[in-house]
Structure formats: C-alpha cells, structure tokens
Amino acid sequence: MNANKLKTEGDAAAVAESMQALGRAAKSAAKSLAQATTHAKNAALKAAAAAIRERRADLLAANRADVEQATQRGLSSSLLDRLVLNEQRVEAMARGIEDIVALPDPIGSVITSWTRPNGLKIERVRVPLGVVGIIYESRPNVTADAGALCLKSGNAVILRGGSESNRSIKAIHECLAAGLRAAGLPEAAIQVVPTTDRAAVGYMLSSMTEFINVVVPRGGRSLVERVQKEARVPVIGHLDGNCHVYVDRDADVGMAREVVLNAKLRRTGVCGAAETVLFDRAGNAAATVLKSLLDAGCEVRGDETLQRLDARIVPASEADWSTEYLEPIIAAKTVDGVDEAIAHIAKYGSAHTESIVTANSATAERFLGGVDSAIVLHNASTQFADGGEFGMGAEIGISTDKFHARGPVGVEQLTSYKYVVRGSGQIRP
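Residues numbered from 1 in each chain as written. Predicted model: local features only at pLDDT ≥ 70, side-chain atom pairs only at ≥ 80, totals over all residues. Heavy atoms only, no water.

(A) Quick peek at the sheet that holds strand E2 (residues 121-128). As summarised here, the arrangement of the 3 strands in space is E1-E2-E16, forming an open sheet in which the pairing is antiparallel. At either end of the open sheet lies a strand with only one pairing partner, and these are strand E1 (110-115) and strand E16 (415-422). Averaged over neighbouring strand pairs, the angle between their axes works out to 20° when direction is ignored. Sheet topology places E1 next to E2; 5 bridges connect them, and they run antiparallel. (Pairing = 2+ DSSP bridges. Helix = DSSP H or I, 4+ residues; strand = E, 2+ residues; numbered from the N terminus. Axes fitted to C-alpha atoms, helices over the stretch in contact; angles between N-to-C directions.)

(B) The arrangement of the packing of aromatic side chains in detail. For the coordinates displayed, the defined rule picks out 3 aromatic pairs. Between the aromatic rings of Trp-114 and Tyr-419, the centroid separation amounts to 6.4 Å while the plane-to-plane angle is 75°, which identifies the pairing as edge-to-face. One end of the pair, Trp-114, is in strand E1; the other, Tyr-419, is in strand E16, with 305 residues separating them in the sequence. Judged by relative accessible area, which is 32%, Trp-114 ranks as partly exposed. Look at Tyr-246 and Phe-367: their rings are 6.2 Å apart centre to centre, the planes differ by 20°, and that puts the pair in the stacked class. You can see Tyr-246 sitting in strand E7 (residues 243-247) and its partner Phe-367 sitting in helix H14 (residues 361-370), a full 121 residues away along the chain. Each residue in the set Trp-114, Tyr-417 and Tyr-419 is aromatic and connected to the rest through ring pairs, giving one cluster. (Phe/Tyr/Trp six-rings, centres within 6.5 Å; stacked < 30°, edge-to-face > 60°. Buried < 20%, exposed > 50% of the residue type's maximum accessible area, 1.4 Å probe, protein only.)

(C) Molecular detail of the side chain of Asn-42. Inspection of the secondary structure assignment puts Asn-42 in helix H2 (residues 38-54). Relative accessible area serves as the criterion here: at 13%, Asn-42 is assigned to the buried category. When residues no more than four places from it in sequence are discounted, the contact partners of Asn-42 are Val-101 and Lys-152. (Contact = heavy atoms within 4.5 Å.)

(D) Expanded view of empty space enclosed by the protein. For the coordinates displayed, the defined rule picks out 2 cavities of 30 Å³ or more. In this structure, the largest cavity encloses a volume near 50 Å³. Considering the residues around the largest cavity, the lining is formed by Arg-160, Gly-161, Gly-162, Asn-166, Ile-169, Val-192, Val-193, Thr-195 and Thr-196. Residue composition of the lining of the largest cavity, by class: 3 nonpolar, 5 polar and 1 charged. Its boundaries defined by the atoms lining it, the second largest cavity holds a volume of some 40 Å³. Lining the second largest cavity, in full, are Val-216, Pro-217, Arg-218, Ile-236, Gly-237, His-238, Ile-396, Gly-397, Ile-398, Ser-399 and Val-409. Within the residue set of the lining of the second largest cavity, elements represented by two or more residues are strand E6 (214-218) and strand E14 (398-399). (1 Å grid on protein atoms, 1.4 Å probe; cavity = no way out; pocket = protein on both sides within 12 Å on 5 of 7 lines; lining within 4 Å. Points joined across faces, edges and corners; volume = space filled by probe spheres on them. Nonpolar A, V, L, I, M, F, W, Y, C, P; charged D, E, K, R; others polar.)

(E) Highlighting the packing of helix H6 (residues 141-152) against helix H7 (residues 166-183). Here H6 crosses H7 at 25°, and the two axes come no closer than 8 Å. By the angle class used here, H6 and H7 are roughly parallel. Where H6 crosses over H7, the two elements pack in a sense that is right-handed. Residue-level contacts link Asn-141, Thr-143, Ala-144, Gly-147 and Leu-151 of H6 to Ile-169, Ile-172, His-173, Leu-176 and Leu-180 of H7. Grouping the constituent residues of the contact of H6 with H7 by class yields 6 nonpolar, 4 polar and no charged. (Parallel < 35°, antiparallel > 145°, perpendicular 65-115°, else oblique. Left-handed = near helix turned anticlockwise from the far one by under 90°.)

(F) Geometry of the sheet that holds strand E8 (residues 274-280). The parallel open sheet is built from 7 strands, whose spatial order is E10-E9-E11-E8-E7-E12-E13. Edge positions in the open sheet fall to strand E10 (314-315) and strand E13 (375-378), since each of these has one partner strand only. Where E8 meets strand E11 (residues 329-335), 5 bridges bridge the pair, whose relative direction is parallel. Bridge assignment links Thr-276 to a residue of E11, and that residue is Ala-331.

(G) How the structure looks around H2. With 17 residues, H2 extends 24 Å from end C-alpha to end C-alpha; this agrees with the ideal 24 Å at 1.5 Å per step. Residues of H2 that are buried: Ala-40, Lys-41, Asn-42, Ala-44, Leu-45, Ala-48, Ala-49, Ala-51 and Ile-52. Summarising the contacts, the buried residues of H2 are in contact with helix H3 (56-72), helix H5 (87-102), H6 and H7. (Expected span 1.5 Å × (residues − 1).)

(H) The arrangement of the layout of surface pockets in detail. When its volume is computed, the largest pocket comes out at roughly 1100 Å³. If you trace the largest pocket, you find 42 residues lining it, with Asn-141, Arg-218, Arg-267, Val-270 and Asp-386 closest to the centre. Residue contributions to the lining of the largest pocket peak at 6 residues, all from H5. For the lining of the largest pocket, the class distribution of residues is 13 nonpolar, 13 polar and 16 charged.

(I) Representation of the nonpolar core. Judged by nonpolar contacts, the single largest core of 77 residues is most densely connected at Met-19, Ile-52, Ile-134, Ile-158 and Ile-212. Not counting residues up to four positions away in its chain, the partners in contact with Ile-52 are Leu-59, Val-90, Met-93, Ala-94, Ile-97, Ala-144 and Cys-175. Formed by 24 residues, the second largest nonpolar core is a distinct cluster that contains Ala-251, Leu-261, Ala-286 and Val-300. (Core = buried A, V, L, I, M, F, W, Y, C linked by side-chain atoms within 4.5 Å.)

(J) Representation of the pairing of strand E9 (residues 299-302) within the structure. Taking every second residue as pointing to the same face, the buried face of E9 carries Val-300 and Gly-302, while none of Glu-299 and Arg-301 on the other face is buried. In this sheet, E11 lies alongside E9 in parallel orientation, the contact comprising 4 bridges. Residue pairing in the sheet places Arg-301 in a bridge with Ala-331 of E11. Note that E9 and E10 share 2 bridges and pair parallel. Each bridged residue has a counterpart across the sheet, and for Gly-302 the counterpart in E10 is Pro-315.

Shape descriptors only; they carry no functional weight alone.
Given below as structure tokens:
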C-alpha cells in the first residue's frame, strides 16, 4: 500500500497507520541512500530540476488554488508572500536544486585523520543523519530545497507542510519523485505526509522515535514552540528572527541607508529581515535612514530621541525591542556606541542575524566578536542570511541552536560522523 494515498482526516488509527508506513519506508530508503553513489544522487536531482521546469504550468496552477483558498481564509500578508509561487520562484527552485548538484558530496569525506603512536590510523568520516522530519508552514519551495538537500546528504526525509500549501507541495513532490525514479533510487527517500490532519504532526513528534533521527521546524513561533515542546527526538530550529542593524558613528551615510532599507524592506516576511535598527548617538545617519524608511512606506517605532527627527515616527514600547514583525514595521533606538548596541542585542535579540555598518575596522571586529548570534555581518544586509547566498546551494532553515548545527542548515549540517580506525593487529595492554 502506498502510504501517501491514505485518507486519514479525523481518524486517529488511520493517522497512526499512515505515519508508521511512512516511517518504515523512510528508514528502509535511508539505508539505500547511505550507500548511494554521488552520480545516482546527482542524476535524481538533475531529473527533478528538469521536471520542475517541464511542469511549471501545473505547479503555478496548483499554487494559484492554494493562494485563493488562503486569501479567503484571511492568511496574513507575510504568510501569503511566502506561499506565492511565480515564474521566477519556480525557476529559482530548479536552479537551487542544480546548485546542490554542484556541491561536493559530503558523505564519506574525511573530516580529519591522525595516527597514534601504536600505529592505529584514525579517521573522522561524514555519514548521514538517517531520517529527517521537516515541518513547515506556507513556503512550498521548502519542499524542493529540503528534499534536494536531504537527498544529496544521503538522508531520507518526511515532509509535513502546512494545509495552506497542500496542492503546491504535492505538485513539487511529484517532480522530486520523478527524479528519484529516473535515477533508480527509492521513491520513499522523499515522502510527504499524506494528510492535513493536525494529529499527524503530534504523532510525528512523539511516536516515531524509531524512525526519525532529527526534526527541523520551519515556521512561526507557535509551530516551533510546539515542536520543541513535544518532540522526542533532537530538534534543529529557531523561534524568532529578531534581527538588528547597528549604524555606527563611523558609518557611511549612503551605505547605511541602502543596507537598512534592503535589510528591512527587500522581503519583510523572511526570518532575515531586520526588525530593529540601532543608531550610535554620536553618528549622523539616523535622519537620512529613517526618512528613507518612512518614505518607502515603512512604519518606524522609535525612542524619544528619534521621534524628534520626524513627526511620522511613532513611540516605541518595550515590547517592540523583542518583536519579530515580518511586516513593513521597524523599531529604532539610539545607543551610546558599539558596546551598548551589543548589550541591547544580547538582551532583546533572538541570536539569529545582526549587522554593523561602519568604516571603522576595529569597531567592526568588536561587534563581530561580541555579538553571540548565528550570523554576524559587517557592511552588508541581514537578508544575506540564506544558505543559497552562502554558497550552500540552499538550506532548510537557519538554526539559532549551538548543537548540532548553527546558522544555515545545508548538506554538511545534515550529516554526523563516525570514526574509522585501521590497525595492523594492535591489542590494548
């Protein structure tokens, strides 16, 4: 029986049966993938990218139906932005898969090696994690990114997207399955939970420990909190993307304006969007930067000092410093130098992505070394917080954890390692 064809809504027993079938199939597929050649994995990915292009019209039609239904349900503008596919985003999915093809295969690579005085030769070698469970909201492109990354890293994956993107996910998954078939790899290497029943998520988190090795949530705070609370396997994820840009006293005003506008407004609904801008009180960029934000239609919630610069700036509350808006809204505050900026980020930030704009290299190094976030940047937009932009092909999320992965989670971060020891008859005294 094909688990992906089961109808399970409202039937707890059917949900359990379906999820168990997915788990068994994924575990079996993971064993095959761990031994699959780089050529076979790349062939599957190339065929999947080709299928996405060939079936572009079908993907867009499925997505239009999802968007129409989500709009009727009153989905927020930030989630709608993540849900929508267009010609450019479909092509980006295909290119993203091809970028993953071009990456080195991490499996079997030797991380380090050494020889002991007794002659034992020891290697630390990369191996797959096994079966990855990914739970995500709105973003149908995660289906392609996650499926491709897991395949390249030798992992089977069970994908559970949001009900609002169900049609889009199924259409993309069919392209991935076509790629697997073309390369002779097991279709169960990439599976989609067949039901939108919320009970499937709970079952996936609590009752599949014999199948799933790690869970990656990608969505809003409520989803991530639920996963972290209920999961009985390790979780890679982050709660919020409360990202900051600090404009130092030595910042070039024009550069500060461009960086802040891009960091906030390029795409407001992504986790790398800046939510707070901090200005050094001794600098002179605040008026120019804030006017540009306001003129572009961004609401600015500022402290008393900044409110005096423009009547359109509304008062910021204490809650604003720790809010992830995911909308064209930004909090703005003055600070006394880089150390106060670092302290503010430590108190209110979510350890995701922070940037400093300055021409002073010493100040920049103090910021980069003093801010304990997954990604820190100098003179660059926070919207570069993306695996593709890091040259990783794609990523299945940005981790703010310190164990097991941090920052963009790509093929290398979806591996573990084992020790391979070669001897010549040594015994331990």
